[in-house]
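# Structure at a glance
So the chains spell out like this:
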Amino acid sequence: MMRRPYVLGLSLFVAACAMAPVPVQTMSAKAVNAISDARIPAMRVGQFELSKTLPGKRDRSLAVRAATIRPEGGSFSHYLAETVKAQLAAAGRLDERSDTIVSGEIVGSDVGSAIGADSGHGLLAVEFAVHRGDTQLFKKTITVEGKWNSSFIGGVAIPAAEHGYMALYPEIVAKLFFDEDLRRVLKR
Amino acid sequence: MGMQRIGGDHMRGTLFRHVAQPKLLIVMTGLLAAQTASAGMYVDNTLGEVRAEDIHKVASPRPAQLLFEFQTDGTANAKATKYVKPILSDEIKALGFVSELSDTPVAGGARLTVIMNDIPQKNAASKGFVTGLTFGLAGALVADDYDVTFTYAGGDGQQSITRTVHHRLYTKIGAKDPPPNATAVKKAEEAVRLVVRQVVAHGLNGIAGDAAFTGSPRTEGGQ
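Here the structure is a predicted model, which is why all the values come from computation and not from measurement. (Residues numbered from 1 in each chain as written. Chains lettered and ligands numbered in written order. Predicted model: local features only at pLDDT ≥ 70, side-chain atom pairs only at ≥ 80, totals over all residues. Heavy atoms only, no water.)

Summing up the model confidence of chain A, the mean pLDDT is 87 and the portion of residues at 70 or higher is 89%. Below a pLDDT of 50 lies the segment residues 1-16 of chain A, which in the model reaches six contacts outside its immediate sequence neighbourhood of four places, other chains included. (pLDDT = per-residue confidence, 0-100. Contact = heavy atoms within 4.5 Å.)

Of all hydrophobic cores here, the largest spans 56 residues; its most connected members are Y165 and F177 of chain A. Counting residues per element, this core draws most heavily on helix α3 (residues 76-90) of chain A, at eight residues. With 37 residues, the next largest nonpolar core counts V43, V165, V196 and A208 of chain B among its residues. (Core = buried A, V, L, I, M, F, W, Y, C linked by side-chain atoms within 4.5 Å. Buried < 20%, exposed > 50% of the residue type's maximum accessible area, 1.4 Å probe, protein only. Helix = DSSP H or I, 4+ residues; strand = E, 2+ residues; numbered from the N terminus.)

A word on the packing of aromatic side chains. Under the criterion given, the structure shown has nine aromatic pairs over all chains. Between F76 of chain A and Y169 of chain A the ring centres are 6.1 Å apart and the planes differ by 20°, which places this aromatic pair in the stacked class. Here the residue F76 of chain A occupies a position in helix α3, and Y169 of chain A occupies one in helix α5 (residues 168-178), the gap between them amounting to 93 residues. Taking 5.4 Å as the distance between ring centres and 85° as the angle between the ring planes, the aromatic pair formed by F97 of chain B and Y152 of chain B counts as edge-to-face. Linking F97 of chain B in the loop between α3 (78-95) and β5 (98-102) with Y152 of chain B in strand β7 (residues 140-153), this pair joins segments that are 55 residues apart in sequence. (Phe/Tyr/Trp six-rings, centres within 6.5 Å; stacked < 30°, edge-to-face > 60°.)

This part is about the pairing of strand β6 (residues 135-148) of chain A. Regular strands place side chains that alternate from one sheet face to the opposite one. Residues and elements named next belong to chain A. The pairing of strand β5 (residues 120-132) with β6 spans 13 bridges and is classified as antiparallel. Paired with R132 across the strands is T135, a residue of β6. Here β5 folds back onto β6 in antiparallel fashion, the turn holding two residues, of which G133 has a positive phi close to 65°. (Pairing = 2+ DSSP bridges.)

This part is about the pattern of salt bridges. This structure, assessed with the given rule, holds 16 salt bridges over all chains. With a shortest N-O distance of 3.7 Å, E53 of chain B and R51 of chain B are connected by a salt bridge. Owing to a relative accessible area of 51%, R51 of chain B belongs among the exposed residues under this scheme. R51 of chain B is paired through a salt bridge with D54 of chain B; the nearest N and O atoms lie 2.9 Å apart. A residue is classified by how much of its surface remains accessible, and D54 of chain B, at 31% relative accessible area, is partly exposed. When salt bridges with common partners are traced through the structure, they connect K140, D179, D181 and R184 of chain A into a single cluster. (Salt bridge = Lys/Arg side-chain N within 4 Å of Asp/Glu carboxyl O.)

Written out as structure tokens, the structure is:
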């Protein structure tokens, strides 16, 4: 009988560690403005995947202390594809029938939550490619990093790491569409 | 007295025995209850409502695209964006500033961008931690400041108009006096709705009253 409260307490602890999946940032003002300003043709979103050089489980979740960060849709590569799609749609540049296709491979993904000012950090690196028909117009690895204040209190550090890391997804989309090489090839 | 092992089976066994003791469970429950029962939220009264005589009504509202992003300390926060966006949309529609809101570009190209940046008090976590350790006796009052920037671009090459509105939300935990000049609210959602309603009213009223706002003819003074 005395073990029941312990089991209940453990269940609450486990529930607290299993955070809800993070929804797609449907409209990042920075990314949408980057796409709008680029005056590029409408495109569709192709395949996004995790590089074979990274452990496959890193596509599904990332550990932060006793918790895990999980994206809506079941994988970070799917989440990235949906983030690109959402920003293109918000900028009026998504066309599922377009022959211009953007795709990507996540080649770097990391999050840390050490204690102290600016000691939380996240990294996301993606090799993006843009094709028109069978022709590859663009291929480049783009990297974004973030830093934030972390805490010795897990209840503060874990959510900070979650949104610090997940904010890199709209950030990398903005950086892609700010890329001068991409803008140049798409205007041809 | 012989040497004691630290950690391992000994420590786990000790922890299990203590957790199973009713007295400790009662204390833990009390701590949880003290923290939750005495928490309260207060919306700062400095901004308040827009006075009736200052309202700029948009006579012929047009459709606009809404871009909204909630940030925490300047970093995009997808979960908070998803939570706040429907509340924000409701308040914008209720004001009659636009005829309809869309997630995608609209005819005419009007776009309303809203960035809501939550700047939590720097030592908020430590204050809450101390309150928990002292069973609520060392109360804490922490503030969240909100900088909300509204940018309206009318489309067709029109000049964009920007207004920034500041607001503040307090959270009181444990034994602590409530903040001065603030309105108590019972639920967190109620607090969010009140903050959003007031910043939207002030931000969009400022845009509607701007001389460069050519979205539609307007009347002033609530007429």
